[in-house]
Amino acid sequence: MPLPVLMQLREDLIDLNGTGIGILEHSHRQPTYDRLLADATESCRTLGEVPDDFEILFVSGGATNQFGLIPLNLLADGATADYPDTEVWSAKAIVEGRDAVPTATIAVPFEGKKFRYDHVPAEGEMVPTVGAAYMHYCSNNTVHGTRFHTPPKAAPGVPLVCDASSEIFGRPMDWSKHAMVYAAAQKHLGVAAMSLVIARRDLINAPVRPLPSMLSYAAHARYESRINTPPTFAIHTAGLMFRWMIQEGGAREFEKRNNAKAALIYGIIDGSGDFYRPLSRPECRSLINISFRLQSEALDKKFIDEATGAELDGLAGHRDAGGVRASLYNAMPIAGAEALASFMRDFLRQNG
Ligand SMILES: Cc1ncc(COP(=O)(O)O)c(C=O)c1O
């Protein structure tokens, strides 16, 4: 989280915009909150260059919640959806999708597990299902550190749904290729347990089956993300994050910064003579999550312990992949990547 946003939140907890009432205490049916929600939505539209025919929704529950809601809303009984499996998170989306709609088919046109998730499908490596209800994919694979440089090709006319949780606004989004993009908020937008959902109106305007309102994207759109008491603090925090990212120069600027940060770390990895071993193939490396192993688990542990001692925290790999993972989210300054690169250089010198 950027410090200016945290400091603003500290103020807003006590007194939001000079009202004398804190963000946690304001009613979500009063003009102050109306403005806050309108600001957050507008800032998101500006930052993401989101076209007018897309709804911007704030939905309680993280990305895992969307794994169930997407098929419930979009996948009719007997229909098929494509889910290329590029990692832990897309694999979870497949399991949740099958549980949500057991009467439909979740097809898996690319099985990344066979390749230890070291790459995303290259063009021609998967055959999408003609007539699928949609294709779901994960644009940046948080655990194994791969990403789609360009969105995958679904069959003609099939809407593309993207889990962008770990890279939202870290690069511009091509809306002409997507019908829906969603992201759990905790990585780039602040508070966990809420998702930003940006969806083309015609895709979500009627769920394929009757649903309770909280499970229906159409209802969230109809009631402007406040069917019930919404996660107001999380929405306000996302609004401040959108504004901060706009002030910093927007998604193009973050793409540049993320490229520069990643280049520092991959530079060390590539020059290490196989001392640092990335989990991803070079052609689909993530700019945000850089996952690698050293020559043994013992050395991984030594690296992580010594890094923690040097105030470089949070470098342990995800429990499903092990090893080391450097997460260079949008708010991580270049100095953070420089500090890690310098530590990696020293560690290589001493242990290589
Ligand atoms: C790409 C991706 N999808 C889904 C999730 C799950 O998010 P949540 O814990 O909010 O359900 C994560 C969490 O890290 C993620 O990185």
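Cut-off values and rules
Residues numbered from 1 in each chain as written. Predicted model: local features only at pLDDT ≥ 70, side-chain atom pairs only at ≥ 80, totals over all residues. Heavy atoms only, no water. Patch = residues over 30% accessible without salt bridge, like charges linked within 9 Å, V, L, I, M, F, W, Y side chains within 5 Å. Areas by Shrake-Rupley, 256 points an atom, 1.4 Å probe, with all protein chains shown as cover. Salt bridge = Lys/Arg side-chain N within 4 Å of Asp/Glu carboxyl O. Helix = DSSP H or I, 4+ residues; strand = E, 2+ residues; numbered from the N terminus. Near = heavy atom within 4 Å. Polar contact = N/O pair within 3.5 Å; in protein donor to acceptor, adjacent residues only side chain to side chain. Nonpolar A, V, L, I, M, F, W, Y, C, P; charged D, E, K, R; others polar. Domains from an automatic or database assignment. Contact = heavy atoms within 4.5 Å. Buried area = accessible area lost by both parts, 1.4 Å probe. Core = buried A, V, L, I, M, F, W, Y, C linked by side-chain atoms within 4.5 Å. Buried < 20%, exposed > 50% of the residue type's maximum accessible area, 1.4 Å probe, protein only.

**Student:** For this particular structure, what's the right way to read a nonpolar patch on the surface?
**Tutor:** Judged by side-chain polarity, Met1, Leu3, Leu6 and Met7 come together as a nonpolar surface patch covering roughly 380 Å² of accessible area. Structurally, Met7 is set in helix 1 (residues 3-14).

**Student:** Honestly, unusual backbone geometry in this entry has me stumped. Any pointers?
**Tutor:** Even without being glycine, Ala193 reaches a positive phi, approximately 75 degrees. In this fold, Ala193 is placed in the loop between strand 8 (180-184) and strand 9 (194-200). In this model, Ser225 sits at a positive phi of 55 degrees, which is unusual for a non-glycine residue.

**Student:** Teacher, can you tell me more about the site of the ligand here?
**Tutor:** Around the ligand sit Gly62, Ala63, Thr64, Phe67, Trp89, Cys138, Thr142, Asp163, Ser165, Ala184, Gln186 and Lys187, and that is every residue in its neighbourhood. At 2.5 Å from an oxygen atom of the ligand is found a side-chain nitrogen or oxygen belonging to Thr142. Within the contact set of the ligand, an oxygen atom lies 2.8 Å away from a side-chain nitrogen or oxygen of Lys187. Burial of the ligand by the surrounding chains reaches 86%, relative to a free accessible area of 400 Å². Element by element, the count of residues in the shell around the ligand is highest for helix 3 (residues 63-74), at three residues. Classifying every residue of the shell around the ligand by side-chain character gives five nonpolar, five polar and two charged.

**Student:** Would you mind showing me how to read the domain arrangement of the protein chain here?
**Tutor:** One frequently used descriptor of interface size is the decrease in accessible area upon assembly of the parts. When the domains of the protein chain are assigned, the result is domain 1 (3-248) and domain 2 (250-351). Here the C-alpha centre of domain 2 lies 27 Å away from the C-alpha centre of domain 1. On the side of domain 2, 28 residues touch domain 1, which itself brings 32 residues to the contact. Carbon and sulfur atoms supply 52% of the area buried between domain 1 and domain 2, which totals about 2,400 Å² over both sides. Taken together, the connections running from domain 1 to domain 2 amount to three salt bridges. Where domain 1 touches domain 2, the interface holds 16 residue pairs in polar contact (both at pLDDT 80 or more). Looking at the side of domain 1 that touches domain 2, the elements that each hand over two or more residues are helix 4 (88-100), strand 5 (140-141), strand 6 (146-147) and helix 7 (232-248). The element that contributes the greatest number of residues to the side of domain 1 that touches domain 2 is helix 7, accounting for four residues. Considering only residue class, the side of domain 1 that touches domain 2 consists of 13 nonpolar, eleven polar and eight charged.

**Student:** Looking at this structure, how should I read the nonpolar core?
**Tutor:** Taken as a class, soluble globular proteins show a tendency for nonpolar side chains to be buried jointly. Phe58, Phe169, Leu189, Leu196, Ile198 and Phe242 are the most contacted members of the largest nonpolar core, which has 43 residues in total. Sorting the residues of this core by element identifies helix 1, helix 2 (31-48), strand 1 (54-60), strand 4 (135-138), strand 7 (160-163), strand 8, strand 9 and helix 7 as the ones contributing at least two each. Not counting chain neighbours up to four residues away, the residues in contact with Leu189 comprise Ile168, Phe169, Leu196, Thr237, Ala238, Met241, Phe242 and Met245. One finds Leu72, Tyr182, Ala199 and Ile204 within the second-largest nonpolar core, a separate group that totals 30 residues.

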